[in-house]
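Survey of secondary and tertiary structure
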Amino acid sequence: MLSLSPPPAPPAVPCPDPLARAPRVCAGLDRAQLYLAPLTLQGAATAIICRDTRGIGLDDWQRLSHFPASPLLCLSWFQGMESGIVERAAGGPRWRPFGTATVLSGSQSHPFVSWSPTTGRAGMLCFPADVARALFGIDPAMVHDRFVDARGVLAAGWHPLLDALLDADSDAATLSALESHLAERWRTLQDGRSPVPALRRFGRHWVERLAWQAHQWRRTHGSRQVERRIMAHSGRSLRHWQTLVRTEGVFFTARDRHEAGHPLDWADLAQEEGFADQAHMCRATKRITGFSPTDFARRFAEDEAFWLYRVWV
């Protein structure tokens, strides 16, 4: 595994309040797309997300982006724009730019908000922890809850991929670059891997595999040793991941009911998705998204900053 010694992050500067509301742009203008992995990359990529806001008049608040807690790692790249994380500070929200056009982020135990002072084109390759180890040679535990310069932590052999992603001028070119630089390497590693589930099932599938691994470890290790192994392997406890994917199920089910014209009965949703009660579901939803179910549903439908949730769910 590679060592991790990224340079210090640039200083933080003032930015919009991450809780600010900003209306969605017209549906046809917000060019955000989620692509499932092409056949040659199934198992390596959970999803590929591209967003192009060039030429769209987004104000400061509309350039905020909300992201949930997630077990996935992400390789992100930015063209013609600078991005960074919004932090809470005593004097108000501060923006800490990544300071690089290619960013590797680990699994996130809390929701977060990013911001960009300009529009531009960006993309994300989302992949699970075992792919980080096998394909990229990264120890996932070293990047949990972190955002680091991808060029600084990936081996030099991966730099042509980063260059190709920054040079791609369309979604088609992005997908082509990923296949060109990943497919052959992935093909040599994927023998014996299980079939890839649909995006809606990915989280539950991944946690089921983690639970199976824990079961295997319990045959030869004590419970505390197993807990430490799970933490080292995934960065979080098994219970944490189970709660996260159960909450993700609420989002998918709520969307289905909304599109079918049915009212959102939170108590019924909580029972259907396996929560103890509505209050339990509300706490879990707030831990994953930062918002109560009702507030989240309103922002999901109305706020520009929730574009990622809309393309994912």
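Residues numbered from 1 in each chain as written. Predicted model: local features only at pLDDT ≥ 70, side-chain atom pairs only at ≥ 80, totals over all residues. Heavy atoms only, no water.

Before going further, it helps to spend a moment on the sheet that holds strand E11 (residues 147–149). Strand order in the open sheet formed by six strands is E2-E3-E10-E5-E8-E11, with antiparallel pairing between adjacent strands. Each of the sheet's edge strands pairs with one partner strand only, and the pair in question is strand E2 (31–35) and E11. Strand-to-strand, the axes of this sheet are offset by a mean angle of 20 degrees, without reference to chain direction. With five bridges connecting them, E2 and strand E3 (residues 47–52) associate as antiparallel partners. Of the residues in E3, the one forming a bridge with Ala32 is Arg51. Along the sheet, helix H3 (residues 159–167) contacts strand E5 (73–79) and strand E8 (102–105); its crossing angle with E5, the most-contacted strand, is approximately 50 degrees. (Pairing = 2+ DSSP bridges. Helix = DSSP H or I, 4+ residues; strand = E, 2+ residues; numbered from the N terminus. Axes fitted to C-alpha atoms, helices over the stretch in contact; angles between N-to-C directions. Contact = heavy atoms within 4.5 Å.)

Moving on, we get to the sheet that holds strand E9 (residues 112–115). With respect to topology, five strands assemble into an open sheet ordered E1-E7-E6-E9-E4, the strand pairing being antiparallel. Only two strands of the sheet have a single partner each, and these edge strands are strand E1 (13–14) and strand E4 (64–67). As defined by bridge partners, E1 adjoins strand E7 (residues 94–97) across two bridges and the pair is classed as antiparallel. What sits directly across from Pro14, in E7, is Arg94.

Here we come to unusual backbone geometry. Here Asp145, not a glycine, exhibits a phi torsion of approximately 60 degrees, which is positive. The topology assignment puts Asp145 in the loop between helix H1 (129–134) and E11.

Here we come to the packing of H3 against helix H4 (residues 171–187). Closest axis-to-axis distance for the H3/H4 pair is 9 Å, and the angle between their directions is 170 degrees. One finds that H3 runs roughly antiparallel with respect to H4. Listed contacts from H4 to Pro160, Leu161, Ala164 and Leu165 of H3 are Thr174, Ala177, Leu178, His181 and Leu182. Looking at side-chain class alone, the contact of H3 with H4 contains seven nonpolar, two polar and no charged residues. (Parallel < 35°, antiparallel > 145°, perpendicular 65-115°, else oblique. Nonpolar A, V, L, I, M, F, W, Y, C, P; charged D, E, K, R; others polar.)

Moving on, we come to the pairing of strand E6 (residues 84–87). Across four bridges, the pairing between E6 and E7 is antiparallel. Its bridge partner lying in E7, Ile85 is registered against Arg96. Linking E6 to E7, which pair antiparallel, is a turn of six residues; within it Gly92 sits at a positive phi near 120 degrees. Pairing of E6 with E9 involves two bridges; the strand directions are antiparallel. Residue pairing across strands places Gly84 opposite Trp115, the latter belonging to E9.

Grouped together as the largest cluster of nonpolar side chains are 34 residues, with contacts concentrated most on Ile49, Met124, Cys126, Phe296 and Trp312. Of all hydrophobic cores here, the second largest spans 33 residues; its members include Leu41, Val148, Ala150 and Leu162. (Core = buried A, V, L, I, M, F, W, Y, C linked by side-chain atoms within 4.5 Å. Buried < 20%, exposed > 50% of the residue type's maximum accessible area, 1.4 Å probe, protein only.)

It is worth spelling out the packing of aromatic side chains at this point. The final tally for this structure, using the stated rule, is 13 aromatic pairs. The rings of Phe67, Phe78, Phe98, Phe112, Phe147 and Trp307 are connected pair by pair, giving a single aromatic cluster. The ring of Trp158 carries the charged tip of Arg185 above its face, separated from the ring centre by 3.9 Å. (Phe/Tyr/Trp six-rings, centres within 6.5 Å; stacked < 30°, edge-to-face > 60°. Lys NZ or Arg CZ within 6 Å of the ring centre and 35° of its normal.)

Let us now look at the environment of Ile85. Tracing the chain through its elements places Ile85 in strand E6. Ile85 sits in the buried class, given a relative accessible area of 13%. Sequence separation between Ile85 and Phe98 is 13 residues; the distance between their C-alpha atoms is 7.4 Å.

Looking at the secondary structure, you find Phe275 in the loop between helix H8 (266–272) and helix H9 (278–289). Residue class for Phe275 comes out buried when judged on its relative accessible area of 6%. Sequence separation between Phe275 and Val250 is 25 residues, and the spatial gap between their C-alpha atoms is 10.0 Å. Not counting residues up to four positions away in its chain, the partners in contact with Phe275 are Arg246, Thr247, Val250, Ala270, His280, Met281 and Ala284.

It is worth spelling out the pattern of salt bridges at this point. On inspection of all chains with the given rule, the structure shows 14 salt bridges. Note that Glu87 is salt-bridged to Arg96, the shortest N-O span being 3.0 Å. A residue is classified by how much of its surface remains accessible, and Glu87, at 28% relative accessible area, is partly exposed. Accessibility expressed as a relative area gives 28% for Arg96, which makes it partly exposed. Each of Arg21, Asp295, Arg298, Arg299, Glu302 and Asp303 takes part in one network of salt bridges that share partners. (Salt bridge = Lys/Arg side-chain N within 4 Å of Asp/Glu carboxyl O.)

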